[in-house]
Amino acid sequence: MRTTVGIIGAGPAGLFLSHLLHLHGVDSVVLERRDRDYCERRQRAGVVEHGVAEALRESGLGRRMDREGFRHDGIELRFDGRGHRIDFPDLTGRHVMIWAQTEIVKDLIARRLADGGQILFEAEATAVEGIESKRPCVRFASAEGVEDALECDYVVACDGFHGIGRTSLPEEVVSTYDKVYPFAWLGILADVPPSCDELIYARHERGFALHSMRSETVSRLYLQVPAETDTAEWSDDRIWSELATRFELADGAWKLGTGPITDKSITPMRSFVTEPMRHGRLFLAGDAAHIVPPTGAKGLNLAMRDVMLLAESLRRRYAEGDAAGLDAYSDTALRRVWRAEHFSYWMTSLMHTDPAATPFDNRMQQSYLEHIAACRPAAAQLAENYTGLPEV
Ligand SMILES: Cc1cc2nc3c(=O)[nH]c(=O)nc-3n(C[C@H](O)[C@H](O)[C@H](O)COP(=O)(O)OP(=O)(O)OC[C@H]3O[C@@H](n4cnc5c(N)ncnc54)[C@H](O)[C@@H]3O)c2cc1C
């Protein structure tokens, strides 16, 4: 098989790249090791930055998001039994959309297939070869074990943290930066209308909690739990009781609605960056290159930003014969990646209870939260990063 851009992975990064390239008249083939149903049902992120939502609209994928998703103009920080609203439009002129990653993936798959795009499901990439030549090639195997090869001009690995893209870079050119946190998130999906209009980020001495939503009838909630937690340790009653404690307001003016829990999962918390994000004709994008803890809602957004940059660079390469964007891709993408890494690390450190924290550390957290609640520039800094910095 031959194409112009070989893409490994049909997550949001690989699918959006393939869609944008199609709009620019550049051919691609997507190899995905899972089946379509699995890709469309995987529960993950739900906050879409202002600029990424705009990019979805501009590329013809905003209609369902605008109809069924929610525009959110703020979040609530809740600590010491009080709530403090961060008003995004007032502080930044921007907002975010609440629109699940699963829905973005569904729309992208449907659109690629309707446009005649090639997504090979149950095709696992097994090796990337010739990345220092002009004819790189991805070897892959079907579910039945039939082997084939995809030759292309460029390979883009959008194959997530556990894919083969990152490990295909020569060891001697790669540097990695890693931080593992001593806690995780227990996430639930519940058939209950959200108890709030906007996301609530709660810091409590027993740990962090987040109230989010998927629709008018489905809530998504998270609890900070120890890193090695098994969901079996958490009965539904225990989860609801712990959530109610962590979200409680001092004046008792708020009540958490409960309902049947339909999904429970554990998300480990990790920060990770690979440098560079390109070697020869192999590019890395999304989780293949970097991971953030989900507190700053940046994982999905970074993945989408990487491929927006890459799609424009490939457009210039083929429409204008100008490879400058491709040559600058790694440095340009990494500037945004490190900004998001810092923001995600900062939000995580601010909102979670570290088991090793001293009373002094706890006072530091509390003092900074009070500063954000009282000081407009401090709140603006949070809002700028959360809604997505357009200039980075
Ligand atoms: C459990 C979980 C919960 C999360 N929750 C949040 C959240 O609340 N907020 C947030 O901002 N972010 C969250 N994230 C992060 C966010 O979902 C990711 O940043 C986002 O999915 C990155 O998209 P991607 O396309 O780069 O990678 P992925 O979505 O991981 O897609 C990679 C794709 O490549 C495929 N693949 C892998 N190896 C191969 C191979 N060898 N051959 C072919 N295909 C391959 C995989 O099957 C997958 O479909 C979460 C992540 C996880 C794992």
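Notes on the structure follow. A quick note: this is a predicted structure, and the numbers were derived from the prediction, not measured.

Here's the deal with the pattern of salt bridges
Evaluated as defined, the whole model comprises 29 salt bridges. The shortest N-O distance in the salt bridge between Asp-327 and Arg-278 comes to 3.0 Å. Here Asp-327, found in helix α9 (residues 324-351), pairs with Arg-278, found in strand β18 (residues 278-279); they are 49 residues apart in sequence, far enough to count as distant. When salt bridges that share partners are traced, they join Arg-64, Arg-67, Glu-68, Glu-103, Lys-106 and Asp-107 into one network.

Things to note about the sheet that holds strand β9 (residues 123-129)
As a general point, the strands of a sheet are linked pairwise by backbone hydrogen bonds and lie either parallel or antiparallel. Read from one edge to the other, the open sheet built from 3 strands follows the order β9-β10-β11, with strand pairing classed as antiparallel. The open sheet is flanked by β9 and β11 (147-151), the only strands paired with a single partner. With direction set aside, neighbouring strand axes in the sheet form an average angle of 30°.

So, the site of the ligand
The environment of the ligand is formed by 30 residues, the closest being Glu-32, Arg-42, Arg-44, Gln-101 and Asp-287. Residue Arg-42 places a side-chain N or O atom 2.8 Å away from an oxygen atom belonging to the ligand. Interatomic distance of 2.9 Å between a backbone N/O atom of Ala-125 and a nitrogen atom of the ligand. Relative to its free-state accessible area of 1,000 Å², the ligand is covered by the protein chains to the extent of 88%. Class assignment of the residues belonging to the shell around the ligand gives a composition of 13 nonpolar, 8 polar and 9 charged.

Topic: the packing of aromatic side chains
Aromatic rings considered in pairs are described by the distance between their centres and by the relative angle of their planes. Following the criterion strictly, the structure yields 14 aromatic pairs and no others. Centre to centre, the rings of Trp-185 and Phe-208 are 5.4 Å apart; their planes meet at 25°, and the pair counts as stacked. Of this pair, Trp-185 sits in strand β13 (residues 175-190) while Phe-208 sits in the loop between β14 (200-203) and β15 (209-213); the two residues are 23 residues apart in sequence, bridging distant segments of the chain. Here Trp-185 falls in the buried class, since its relative accessible area comes to 2%. Measuring from centroid to centroid gives 6.1 Å for Tyr-201 and Phe-208, while their planes differ by 45°, and the two rings are tilted. With respect to burial, Tyr-201 and Phe-208 carry one shared label: buried. Members of the aromatic cluster, each reached through a chain of ring pairs, are Phe-88, Trp-185, Tyr-201, Phe-208, Tyr-222 and Tyr-386.

Calculation criteria
Residues numbered from 1 in each chain as written. Predicted model: local features only at pLDDT ≥ 70, side-chain atom pairs only at ≥ 80, totals over all residues. Heavy atoms only, no water. Salt bridge = Lys/Arg side-chain N within 4 Å of Asp/Glu carboxyl O. Helix = DSSP H or I, 4+ residues; strand = E, 2+ residues; numbered from the N terminus. Pairing = 2+ DSSP bridges. Axes fitted to C-alpha atoms, helices over the stretch in contact; angles between N-to-C directions. Near = heavy atom within 4 Å. Polar contact = N/O pair within 3.5 Å; in protein donor to acceptor, adjacent residues only side chain to side chain. Areas by Shrake-Rupley, 256 points an atom, 1.4 Å probe, with all protein chains shown as cover. Nonpolar A, V, L, I, M, F, W, Y, C, P; charged D, E, K, R; others polar. Phe/Tyr/Trp six-rings, centres within 6.5 Å; stacked < 30°, edge-to-face > 60°. Buried < 20%, exposed > 50% of the residue type's maximum accessible area, 1.4 Å probe, protein only.

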